[in-house]
Amino acid sequence: MTTKYVCTGSCHGEATEEEYNQGAKTCGTEGCEKHGEPLEKRMVCDECQGEVREGEAHACG
């Protein structure tokens, strides 16, 4: 599983866990309606790229 942080606005920006820990905690895209708002944490399966909710079991398919 990979952790990433995403903007839920129109830019669909992403930050890796490393980037997030280094300070990329909000949307930085000028013109996005979520500019300056916090990014949301997402877990992604490395194999199928499907989103996984924290604490839930995942089976690719």
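No experiment lies behind these values; they were computed from the predicted model shown.

Calculation rules
Residues numbered from 1 in each chain as written. Predicted model: local features only at pLDDT ≥ 70, side-chain atom pairs only at ≥ 80, totals over all residues. Heavy atoms only, no water. Helix = DSSP H or I, 4+ residues; strand = E, 2+ residues; numbered from the N terminus. Buried < 20%, exposed > 50% of the residue type's maximum accessible area, 1.4 Å probe, protein only. Contact = heavy atoms within 4.5 Å. Pairing = 2+ DSSP bridges.

**Q** Residues and numbers for the overall build of the protein chain, please.
**A** Scanning the protein chain for helices and strands turns up one helix and four strands. Traced from its N-terminal end to its C-terminal end, the protein chain shows the element sequence β-β-α-β-β. For the protein chain, the spread of C-alpha atoms along the three principal axes comes to 35 × 25 × 15 Å. By residue count, 23% of the 61 residues in the protein chain fall in the buried class. Contacts in the protein chain between residues far apart in sequence, at least 24 positions, make up 40% of those at least 6 positions apart.

**Q** So what's going on with the sheet that holds strand 1 (residues 2-6)? Residues and values would help.
**A** Read from one edge to the other, the open sheet built from four strands follows the order 2-1-3-4, with strand pairing classed as antiparallel. The sheet is open, and its two borders are formed by strand 2 (14-16) and strand 4 (51-52), each paired with just one other strand.

**Q** Tell me about the pairing of strand 3 (residues 40-44), and please be specific about residues and values.
**A** Consecutive side chains of a regular strand alternate in pointing toward one face of the sheet and then the other. The sheet contact formed by strand 1 and strand 3 spans five bridges and is antiparallel. The residue bridging V6 from the neighbouring strand is E40, located in strand 3. Where strand 3 meets strand 4, two bridges bridge the pair, whose relative direction is antiparallel. By the bridge assignment for strand 4, V44 is matched with E51. Connecting strand 3 to the next strand, strand 4, in antiparallel fashion are six residues, including Q49 with a positive phi near 70°.

**Q** Tell me about the environment of C45, and name the residues and values.
**A** Along the chain, the position of C45 falls in the loop between strand 3 and strand 4. We classify C45 as buried; its relative accessible area is 7%. In the structure, C45 is positioned 42 residues away from T3 in sequence and 9.0 Å away in space, judged by C-alpha atoms.

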